[in-house]
Amino acid sequence: HSKIQDLQLYFLQTEIGDEKLETNRALKMTTSNQLVASLDYAISKGWNAKIETYYQGLDNVPVEIFPSTYSALNEGADFNIPLRDSLVNEGSGRNYGLEFTLEKVFNKGFYLLSTVSLFNSTYVASDGVRRNTAFNGRYVGNVLIGKEFEFSDKYSVGINARITTAGGRTVTPINLERSILEDEEIRLATDAYADRLSDYFRTDLKLFVRQNGKKITQEFSIDLQNLFDNKNIFD
């Protein structure tokens, strides 16, 4: 596969003397060579399991022309607009992992969907060092489960729950001493994405009552999001 870069990178203008030049205009597409193998298994009626493994090698990734830790692969991890000029397609990246899925299709008022993803995501910028990408959380797990009880053809009640956990985001550590001296945040650029925030955890719970009519169905529900009030760190 291949994909173009963020459009804002192409049209970024750099002042050189009296001219404004689009120094990223000639960037080529980033290419992805990937291999995926999967196995689906029907455990029993209504129960299915799946395991999938994959490898993805990325080439022609935009990096800075001088040695630095910047790579376009990390764009999108925050809300910043990409403002790097004079980029070249000399970076690379690598993603590989395992994914497990267990599914119970909706039957007799019960369903379950559970997924676990274990992965590693790294990149190499123009300094030639392999590092974590901004997205290398190492794992993500989800459980979605629900049960519905029918009291009659007209009324039913139910409960749904979703549990999500994920590895903490990788971040560039702060140079605390320099930040205090200069009264602004300064990051240790040479240690890009070397630190990790705490893991993410969240539970959502929904309770509902459903009324089925001849021409209309009504549902009244209470939706409790982040039930245990976890303080998940974004940045």
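In this text the structure is predicted, and so the values were computed from the model without any measurement.

Caption draft 1: Seen up close, the overall build of the chain. Check the secondary structure of the chain and you find 2 helices and 14 strands. Taking 235 residues into account, the globule formula puts the C-alpha radius of gyration at 18 Å, and the chain, at 24 Å, lies well above it. Here the C-alpha coordinates of the chain stretch approximately 80 × 45 × 35 Å along the principal axes. By the burial criterion, 32% of the 235 residues in the chain qualify as buried. Here the analysis covers contacts within the chain between residues at least 6 apart in sequence; of these, 59% occur between residues at least 24 apart. Computing the positive centroid from 26 side-chain charges and the negative centroid from 32, the chain places the two 12 Å apart.

Caption draft 2: Representation of the layout of surface pockets within the structure. Taken as a whole, the largest pocket spans an internal volume of roughly 720 Å³. As for the largest pocket, its lining consists of 28 residues, and the residues nearest its centre are Asp78, Asn80, Arg84, Thr172 and Tyr193. Taken together, the residues of the lining of the largest pocket break down into 12 nonpolar, 8 polar and 8 charged. Its volume calculated, the second largest pocket comes out at about 390 Å³. Residue lining of the second largest pocket: 21 residues in total, with Lys3, Thr30, Leu58, Ala72 and Leu73 positioned closest to the centre.

Caption draft 3: Seen up close, the pattern of salt bridges. If you walk through the whole model with that rule in mind, you get 11 salt bridges. For the salt bridge of glutamate 22 with arginine 25, the shortest nitrogen-to-oxygen distance reads 2.3 Å. When salt bridges that share partners are traced, they join Glu148, Lys206, Arg210 and Glu219 into one network.

Caption draft 4: Looking closely at the pairing of strand β7 (residues 110-124). Sheet analysis places strand β6 (residues 87-107) next to β7, joined by 14 bridges and oriented antiparallel. Bridged to threonine 101 within β7 is threonine 115. Hairpin connection, β6 to β7: the antiparallel pair is bridged by 2 residues, and lysine 108 has positive phi, about 55 degrees. Across 9 bridges, β7 lies against strand β9 (residues 139-150) in antiparallel orientation. Looking at β9, one finds that phenylalanine 110 is bridged to lysine 147. Relative to strand β8 (residues 130-132), β7 runs antiparallel, the two being bridged by 3 bridges. Note that in β8 the partner of tyrosine 123 across the bridge is arginine 131. Once β7 ends, the chain turns through 5 residues before running back antiparallel as β8, passing glycine 128 with a positive phi of about 80 degrees.

Cut-offs used in this document
Residues numbered from 1 in each chain as written. Predicted model: local features only at pLDDT ≥ 70, side-chain atom pairs only at ≥ 80, totals over all residues. Heavy atoms only, no water. Helix = DSSP H or I, 4+ residues; strand = E, 2+ residues; numbered from the N terminus. Rg over C-alpha atoms; globule rule 2.2 N^0.38 Å. Buried < 20%, exposed > 50% of the residue type's maximum accessible area, 1.4 Å probe, protein only. Contact = heavy atoms within 4.5 Å. Lys, Arg positive; Asp, Glu negative; His and termini not counted. Charge placed at Lys NZ, Arg CZ, Asp CG, Glu CD. 1 Å grid on protein atoms, 1.4 Å probe; cavity = no way out; pocket = protein on both sides within 12 Å on 5 of 7 lines; lining within 4 Å. Points joined across faces, edges and corners; volume = space filled by probe spheres on them. Nonpolar A, V, L, I, M, F, W, Y, C, P; charged D, E, K, R; others polar. Salt bridge = Lys/Arg side-chain N within 4 Å of Asp/Glu carboxyl O. Pairing = 2+ DSSP bridges.

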